[in-house]
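What follows is each chain in one-letter form.
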Amino acid sequence: MTARRTIGALLLAAVLALAGCGRDEGGGDGAAEQSKAIAEGPATGEITVWAMGTEGELLPKLAAEFQKENPDATVKVTAVPWDGAHDKISTAIAGRQTPDVSLLGTTWMGEFAGTGGLDPVPADLVTPGDFFEGPWNTVAVKGTPYGVPWYTDTRVLYYRKDLADKAGVQAPTTWEELKTFVKALQDKGGAKYGIYLQPAGRGNWQTLAPFVWQAGGDMVNDPANPTEYTLDTPQWSEALDFQKSFYDEKLSQATALQPGEIESKFAKGELGSFVSGPWHVGLVKDQGVKDEQLGLAVMPKKQTGTSFVGGGNLAVFKDAKNRDGAWKFVQWLSRPETQQNWYDTSKDLPAIKAAWEGGALASDPLLKVFNTQLEDAKAPPAVATWEQVAQVIDTESEKVFKGASSTADATKAIQSQASSIGLGT
Amino acid sequence: MAAAPTQVRQRGGGARSGSATMRRRQTLAAWGFALPFMVLFLVFMAGPVLASLGMSFTDFTSRDLRNPLAINLVGLENYTKLLSDERFLRSAFNTLYFVVVGIPLTMGIALAVAVALNSGIERFRTMFRVGFYTPVVTSIVAVAVVWRFLLQPDSGLLNTVLGWVGIDGPNWLQSTTWAMPSLIAMAAWRNMGTLMVIFLAGLQTIPRDLYEAAMVDGAGAWRRFRSITLPLLRPTLLLGAVLMGVGYLQFFEEPFVMTKGGPLDHTLSVAYFTYNQFGFGNYSYAAAASYLLFLAIVVVTLVQFRLLRPRT
């Protein structure tokens, strides 16, 4: 009996405690959260850094140079696999046991900033104008930057130059030209499919998004301070219809390719073109595509020629033990010289404009295409629930491309589901 | 347990207070011995389970990570929202489809193989046993790669073979009709080995003389199977059905490695849905979904116990 009463009392206490402590409104997510400036002078103490994938493996090389300039500081890099990184960071924030600095995926910023676990960038640490606008927008959540772009990537049109020459066409600059270009690669160039646009599966929306931006649309009403989604606008319909027409006219295959198939089909000449980021240059060359066979072009224009921007940002946590040292390390990584050096080490494209003015970055003609495209590249809005909305877009757009749903129904469904998911504030 | 205090009282005789102290000491000692297990159980088993149950009645999301007490109680809101969430209902339907088709299929194949290995096949028996059990111990990741090759639309083995007899095979994993059957086939192939071993053990316990008596009475193979094997194998079948039921209701790996829940969510399972919601940071919503799945498992298991209980 006593045991039961004790349990009852404990449960009651727990319920009362929970009921008593609701979420205080507008605490962490106030619009103008200010961060105090960092101290002058070289960095000191231990700086712990988490970085994913190749970046995690290569960063220690760069960190060694930082330590040469800041002899009192030691940088400890932990390599974290991309797959588990998101959960690991969530757990670290929850347990308040974060590293000082971490690499974050560009689409995670909204969510992690929303937890209140990220330290806003101190004023005067970096100049926003030094960065390309697209990557910079990925760090700004409601106008407050919660990190600094480290490296970036953007998508451009890859095409088989030899097939285009055979077909007698030039790289397209408009939507109409893209259509005739792709048709020519297929009819005269000998490709089985003129282009590959991902029709289904997760991440589908990343193929559609550039078309929406090119048509003049966007995902939210005001990317800097979003209050509602705009996913059922005429621009969305236009983009969906445009992408669908490639499947209807059999210019792109209507089923998703497995990883690795794009490169091999492209190398065999079965596939005339596709849209992808800088990592594909190496991949297609590995498959035997020769330099003179590979052409890159910036995205075709409708209203604009906007492309998709991805990459990685560096953020400092509120629970960092060495906040000053952490921001100094981030600042150092954002210097043009460091970014050029980093490109030589990792082939990651610099997010800072000045870094493109020297070395291999300035001379390589393929890289020039990425440089030009970066001037007009956008990222999805930094809202906490974006991944969830993206999944809705994946599913509904797949329905359109399969002919299982009309464009009007799909955009309506996307908008209503996105509204009920909300902006996560 | 009830005997111990009486014994103490008898031995204690007149000294009542002495026996009470002794009893208290014994109780303390018993708790002391049980303590390591109790602490581990409460902290690592009961704690998280109760916490997640509690979480499902709140609005805990990733924004509360740093300040987990700043959440609100929302009662059953997560549950009602789930029941009107189209994607969740879709995943519930898919899971049901997988279970209803998958369990009988897996059990049927496993039983057929077990019976064949138990009586029919004499030569290479060990080789067959090893062969049928291998999929169970093979990593799903490796299996997925091979199955994706098999099911490739234009160059896959399956469609090539179908092509020989003039059938134009579908794009298995990207067709809303065929993706789920493909996954069911793969799951049956993977899990059949476990059931086969259990059924083989069950078959060994059926006395041979029953079959001999039946043969003397003129019963054919099918009759012997129906009237002797099946009834005597009932407890084993129940065990198999419960094990498979619990496993299949939580099916996750197959769509995770093969289809990512597509096409159009047609292979999205409840467990996968929950996984996604956790990934989105909707912790309380995901917790609610997993408790609905837990309820479903309880119900299905009870039904199985009812259907397959030994008839006495």
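Cut-off values and rules
Residues numbered from 1 in each chain as written. Chains lettered and ligands numbered in written order. Predicted model: local features only at pLDDT ≥ 70, side-chain atom pairs only at ≥ 80, totals over all residues. Heavy atoms only, no water. Helix = DSSP H or I, 4+ residues; strand = E, 2+ residues; numbered from the N terminus. Contact = heavy atoms within 4.5 Å. Buried area = accessible area lost by both parts, 1.4 Å probe. Salt bridge = Lys/Arg side-chain N within 4 Å of Asp/Glu carboxyl O. Polar contact = N/O pair within 3.5 Å; in protein donor to acceptor, adjacent residues only side chain to side chain. Phe/Tyr/Trp six-rings, centres within 6.5 Å; stacked < 30°, edge-to-face > 60°. Buried < 20%, exposed > 50% of the residue type's maximum accessible area, 1.4 Å probe, protein only. Lys NZ or Arg CZ within 6 Å of the ring centre and 35° of its normal. Core = buried A, V, L, I, M, F, W, Y, C linked by side-chain atoms within 4.5 Å. Pairing = 2+ DSSP bridges. Axes fitted to C-alpha atoms, helices over the stretch in contact; angles between N-to-C directions.

Engineer: How should I be thinking about the environment of Val75(A) in this particular structure?
Structural biologist: All names here are of chain A. Take valine 75: it is sitting in strand β2 (residues 73-80). The spacing of valine 75 and glycine 45 is 30 residues in sequence and 8.5 Å in space, taken between C-alpha atoms. If we ignore the near neighbours within four places in the chain, the residues touching valine 75 are Ile47, Val49, Ala63, Phe66, Gln67 and Phe329.

Engineer: Teacher, can you tell me more about the interface of chain A and chain B here?
Structural biologist: Much of the literature gives interface size as the accessible area that the parts lose upon coming together. The interface is formed by 33 residues belonging to chain A together with 27 residues belonging to chain B. Of the roughly 2,800 Å² buried between chain A and chain B, counting both surfaces, carbon and sulfur atoms make up 46%. Seen at the junction of chain A and chain B, the total is zero salt bridges. Across the chain A-chain B interface, the total number found is five residue pairs in polar contact (both at pLDDT 80 or more).

Engineer: Sorry if this is basic, but what is going on with the packing of aromatic side chains here?
Structural biologist: Aromatic ring pairs are reported here in terms of the distance separating the ring centres and the angle at which the planes meet. Enumeration over the complete set of coordinates arrives at 40 aromatic pairs over all chains. Ring geometry for Tyr159(A) versus Phe181(A): centroids 5.4 Å apart, planes at 85°, classification edge-to-face. One end of the pair, Tyr159(A), is in strand β7 (residues 156-160); the other, Phe181(A), is in helix α7 (residues 175-187), with 22 residues separating them in the sequence. What makes Phe181(A) buried here is its relative accessible area of 1%. Every member of this aromatic cluster is reached through a ring pair, and the members are Trp175(A), Phe211(A), Phe242(A) and Phe246(A). If you follow Lys81(B) out to its NZ or CZ, it ends over the ring of Tyr285(B), 4.8 Å from the centre.

Engineer: Please explain the nonpolar core as it appears in this structure.
Structural biologist: For soluble globular proteins, nonpolar side chains are generally found buried alongside one another. All names here are of chain A. Core analysis: the biggest nonpolar cluster contains 60 residues, and Ile47, Leu59, Ile89, Leu118 and Phe329 have the highest contact counts within it. Ranked by the residues each element gives to this core, the list is headed by helix α12 (residues 323-333), at six residues. For leucine 59, the contacting residues outside a window of four places in its chain are Val49, Ala51, Val77, Trp150, Phe329, Leu333 and Trp342.

Engineer: Looking at this model, I keep getting lost on the pairing of strand β10 (residues 307-316) of chain A. Mind explaining?
Structural biologist: Within a regular beta strand, the side chains point alternately toward one face of the sheet and then the other, so they alternate between its two faces. All names here are of chain A. Extensive coverage of β10 is indicated by the burial of 10 of its 10 residues. The pairing of strand β3 (residues 101-105) with β10 spans five bridges and is antiparallel. Among the inter-strand pairings, leucine 103 is bridged to a residue of β10, identified as leucine 314. Sheet analysis places strand β6 (residues 148-154) next to β10, joined by six bridges and oriented antiparallel. From the neighbouring strand, proline 149 faces β10, where its bridge partner is asparagine 313.

Engineer: Just checking my understanding: could you explain the pattern of salt bridges for this structure?
Structural biologist: All names here are of chain A. For the structure on display, the rule yields 18 salt bridges over all chains. Residue glutamate 249 pairs with lysine 179 through a salt bridge whose shortest N-O separation is 3.3 Å. Within this pair, whereas glutamate 249 is found in the loop between α9 (234-248) and α10 (261-268), its partner lysine 179 is found in helix α7, the two being separated by 70 residues in sequence. The class for glutamate 249 is partly exposed, based on a relative accessible area of 37%. Across the pair aspartate 248 and lysine 244 runs a salt bridge whose closest N-O atoms are separated by 3.1 Å. Residue aspartate 248 and its partner lysine 244 are located together in helix α9, separated by four residues, close to a single helical turn. Three or more residues joined by partner-sharing salt bridges are found here, namely Asp119, Arg323 and Asp324.

Engineer: Is there a simple way to think about the sheet that holds strand β8 (residues 273-276) of chain A in this case?
Structural biologist: Residue and element names in this part refer to chain A. Taken in spatial order, the three strands line up as β8-β7-β9 in an open sheet, and their pairing is antiparallel. Each edge of the open sheet is held by one strand with a lone partner, namely β8 and β9 (294-297). The average angle at which neighbouring strand axes cross in this sheet is 25°, direction not considered. Alignment of β7 against β9, held across four bridges, turns out to be antiparallel. Looking at β9, one finds that leucine 157 is bridged to alanine 297. Set on the sheet, α7 makes contact with β7 and β8; between it and β7 the angle comes to about 25°. Where helix α15 (residues 365-374) meets the sheet, its contacts fall on β7, β8 and β9, and the angle it forms with β9 comes to roughly 15°.

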